[in-house]
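# Coordinate inspection notes
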Amino acid sequence: MKRSASKQSLCGAIFDAPSKVSQLAKIEAQISAPEFWNQPEKSQKIMQERKRLEQLVSEDKFVATALSDIETLFELGKEGEDVGSELERELKNFAARLEQIEISMLLSGENDSRAAIVTIHPGAGGTESQDWAEMLERMYLRWAERHGFNTVITDRLEGEGAGIKSVTFEINGENVYGLLQSEIGVHRLVRISPFDANARRHTSFASVFVYPQIDDDIKIEIKPEELRVDVFRASGAGGQHVNRTESAVRMTHLPTGIVVQCQNERSQHKNRASALKQLRARLWEYEMDKKRAEERKLEDSKLDINFGSQIRSYVLAPYRLVKDHRTKLAIGDVDRVLGGDIDSLIHAYLVYKHTGKTAGDAKEDLPE
């Protein structure tokens, strides 16, 4: 039986329990000091580190216990007892938990732990692509709901007849940005069009961009003289108040040309605060792109929203399949994916990003 090389190397890096226990003891000593809470910002970071270490120690204990239980079941099976169904259940649960642990360890980027701002734009194709953009919006909102993440739609422009022209929303929760980096790029849909009277097959495109929510710990200077703020009446449905008052806010950062807007709230003050949050996130990404010229910049991934540039295809006709063109992972249950179950796609991307292994490579690591 062959074991996954990636699993072996990851486990070796993850479960250094004695080191983690030692670090945890040092933090506990710091917390016990009388002057610990005199510096709230520093204290908060130390408490977050304690939480992370406690989680790692807990995971180590889980793995040790689970392995012991599985070995016991194997021994009972050798002695002739019927433990097949129980062993299968334990192995399935163990594999699922290991995948969760692996994902948490792969989220090692500077801002992977942050919440995210997601923007979706339809590509060429009019109503078809606008409807596809709305389907993607629903997919990500359902994914967030599955994980218990809070979502706030800050800007949404309805399409003409169906779908959306654009949408921006926040997903608030731990590790959201790190997880959703897998979604940045162009998504392609192939289906029999519900808008075509001749029931012909159409191909639609939409782009997804994801930015980390940047808090006050990271200094992003926005000078008032470099900012143009426009207020306007919110579009679409929203009641008399929305349509009669200029509550929507659009901010343009003049040096970079970055434009953000928010019209979700009835209060201009709240829309201004939300737009400023988006602008901080966009400016942070802009600055990071300039600093890592040797790496692929985010803007370089914003290819034309058209043929040949997609990161993932969702085919509903003539067959049904979701395929990620980077990781080579293919899933036949398209409805499940569009319903928000994208965790396997996210996991495959994180493994691919850190190890270069695709889903096809992973098959070589499976037990014979």
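First, a word on what this report is: a plain description of the structure on this page.

The rules behind the values
- Residues numbered from 1 in each chain as written.
- Predicted model: local features only at pLDDT ≥ 70, side-chain atom pairs only at ≥ 80, totals over all residues.
- Heavy atoms only, no water.
- Helix = DSSP H or I, 4+ residues; strand = E, 2+ residues; numbered from the N terminus.
- Expected span 1.5 Å × (residues − 1).
- Buried < 20%, exposed > 50% of the residue type's maximum accessible area, 1.4 Å probe, protein only.
- Arc of directions from axis to C-beta.
- Core = buried A, V, L, I, M, F, W, Y, C linked by side-chain atoms within 4.5 Å.
- Contact = heavy atoms within 4.5 Å.
- 1 Å grid on protein atoms, 1.4 Å probe; cavity = no way out; pocket = protein on both sides within 12 Å on 5 of 7 lines; lining within 4 Å.
- Points joined across faces, edges and corners; volume = space filled by probe spheres on them.
- Nonpolar A, V, L, I, M, F, W, Y, C, P; charged D, E, K, R; others polar.

A few words on helix α10 (residues 343-355). Between the first and last C-alpha of α10 there are 18 Å, a value that for 13 residues agrees with the 18 Å anticipated at 1.5 Å per step. Residues of α10 that are buried: L345, I346, H347, A348, Y349, L350 and V351.

Looking now at helix α2 (residues 17-32). Counted at 1.5 Å a residue, the expected span for α2 with its 16 residues is 22 Å, and the 22 Å between its end C-alpha atoms agrees. Within the span of α2, buried status applies to A17, K20, L24, I27 and I31. Looking straight down α2, one finds that the buried residues subtend no more than 85 degrees of arc, so they occupy a single side. Facing away from the buried side of α2 by over 90 degrees, the exposed positions are P18, K26, A29 and S32.

Moving on, we come to the nonpolar core. I120, L136, W143, I171 and Y314 are the most contacted members of the largest nonpolar core, which has 42 residues in total. Contributing elements (two or more residues each) for this core: α4 (84-106), β1 (116-122), α5 (127-146), β3 (164-172), α6 (176-180), β5 (201-212), α9 (334-338) and α10. Counting residues per element, this core draws most heavily on α5, which supplies eight residues. Every residue in contact with I171, bar those within four places of it in the chain, is listed here: A115, A116, V118, Y140, W143, A144, F149, N150, T151, V176, L180 and Q213. Grouped together as the second largest cluster of nonpolar side chains are twelve residues, I214, V249, M251 and A275 included.

Moving on to the layout of surface pockets. Volume-wise, the largest pocket comes out at about 1,600 Å³. Put simply, the parts of the chain that give the lining of the largest pocket at least two residues each are α3 (40-78), α4 and α10. With ten residues, α3 is the largest single contributor of residues to the lining of the largest pocket. Among the residues forming the lining of the largest pocket, the class breakdown is eleven nonpolar, eleven polar and 18 charged.

Note that all results are geometric; they support no functional claim without further evidence.
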